[in-house]
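The residues making up each chain are set out below.
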Amino acid sequence: MPKIVGASLAEHREQTRERIFAALSRLAGERGYDALTLAEVAAAAEVGRTAMYNYFPDKESLLLAFAEHETGGYLRELTAALAELDNPVDKLATYVRLHIRVFATRHMPPSSALRPLLSEQGRSRVLDHVTELEATLRRVLAAGMAKGYLPEADLDALVPLVTACVSGRSLAGLAESALAEATEQTVAFVLRGVGARLGPDGKPRKLPRR
């Protein structure tokens, strides 16, 4: 019987899941998701092969659980960060900064990397999380337009454009200074692209009324 780590069986299972996810993230950063096997992840996490199947019966279930774990944590972090801000332009800048940093430093699986490895049902579950992120971005942009900080635009067209901009850059592995510079360049580009205006003090300004 495997040694129980943690104060309870539930805590032990949660700690084991965290070890498995950490091992998957590390290996995926080195080799990509498609080349990994369940046995390799189990070995890296120091989990017995039989025990591994008790947590994840196959590779798809592991990838889906990992994606949901990482995306769920990111959404909670993003929601908390946005709740501290009042101005929608500041919210948009924070959205861009956090999105870039998370995907550059945590090896979060982009939907494009997982899609070829999943069944149709699995792809649908991953898409649900992408939809949640896009809905958050849509709300931020809509608030900017409603409050006069952004010009009116078609959100159905604008949301994918901003998403492509912040998700399309591969910044993993950059030194902190280079990552910070690239992030701020992207923030400035997105704000210009959506029509935001900043004053000399760097604070958002409302657009002139027509």
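For every chain, the first residue of its written sequence is number 1, and the numbers climb from 1 along that sequence. Since the coordinates come from a predicted model, pLDDT governs what is reported: local features require at least 70, and pairs of side-chain atoms require 80 or more to be given and counted, while whole-chain, interface and lining totals use all residues. Excluding hydrogens and water, the side-chain values take into account all heavy atoms of the structure.

### Brief notes about the packing of helix α4 (residues 59–83) against helix α7 (residues 120–146)
Link 1 in the chain: Packing of α4 against α7 leaves a shortest axis separation of 9 Å and a crossing angle of 10°. In terms of axis orientation, α4 runs roughly parallel to α7. Contact with α4, carried on its side by E60, L64, E68, T71, Y74, L75, L78 and L82, involves G122, R125, V126, H129, E132, L133, T136 and V140 of α7 and no other residues of that element.
Link 2 in the chain: Here the nonpolar group is Ala, Val, Leu, Ile, Met, Phe, Trp, Tyr, Cys and Pro; Asp, Glu, Lys and Arg are the charged ones; every other residue, Gly included, is treated as polar. Taken together, the residues of the contact of α4 with α7 break down into 8 nonpolar, 4 polar and 4 charged. In this analysis an axis means a line fitted to C-alpha atoms, helices contributing only their contacting stretch, and an angle means the value between N-to-C directions, from 0 to 180 degrees. Comment: elements are numbered from the N terminus, with helices defined as DSSP H or I runs of at least four residues and strands as E runs of at least two. Our angle categories are set so that under 35 degrees counts as roughly parallel, over 145 as roughly antiparallel, 65 to 115 as roughly perpendicular, and the remainder as oblique. Residue contacts are counted whenever heavy atoms from the two residues lie within 4.5 Å of one another.

### Quick word on the packing of α4 against helix α5 (residues 88–105)
Link 1 in the chain: α5 packs onto α4 with a crossing angle of 150° between their chain directions and a minimal axis gap of 10 Å. Relative to α5, the element α4 lies roughly antiparallel. α5 is crossed by α4, and the crossing has right-handed handedness. Here Y74, E77, L78, A81, L82 and A83 of α4 come into contact with α5, specifically with K91, T94, Y95, L98, H99, V102 and F103.
Link 2 in the chain: Per-class residue counts for the contact of α4 with α5 are 9 nonpolar, 2 polar and 2 charged. Helix crossings are classified by the rotation of the near helix relative to the far one: an anticlockwise turn of less than a right angle makes the crossing left-handed, while a clockwise turn makes it right-handed.

### Considering unusual backbone geometry
Link 1 in the chain: Phi at E46 takes a positive value of approximately 60°, unusual for a residue other than glycine.
Link 2 in the chain: Take E46: it is sitting in the loop between α2 (38–44) and α3 (49–55).

### Things to note about the nonpolar core
Link 1 in the chain: Ranked by size, the top nonpolar core spans 33 residues in total, and within it L78, L92, V96, L137, L141, L150 and V194 carry the most contacts.
Link 2 in the chain: Mapped onto this core, the elements with two or more residues apiece are α4, α5, α7, α8 (155–167) and α9 (176–194).
Link 3 in the chain: By residue number, the principal contributor to this core is α5, which donates 9 residues.
Link 4 in the chain: Counting 23 residues, the second largest nonpolar core, distinct from the first, contains A28, Y33, L38 and L64. Joining through side-chain atoms within 4.5 Å is the link that ties buried Ala, Val, Leu, Ile, Met, Phe, Trp, Tyr and Cys residues into a set, and such a set is a nonpolar core. Burial classes follow relative accessibility: with a 1.4 Å probe on protein chains only, a residue under 20% of its type's maximum area counts as buried, one over 50% as exposed, and anything between as partly exposed.

### Looking at the side chain of T16
Link 1 in the chain: Tracing the chain through its elements places T16 in helix α1 (residues 9–31).
Link 2 in the chain: For T16, the contacting residues outside a window of four places in its chain are V47 and Y55.

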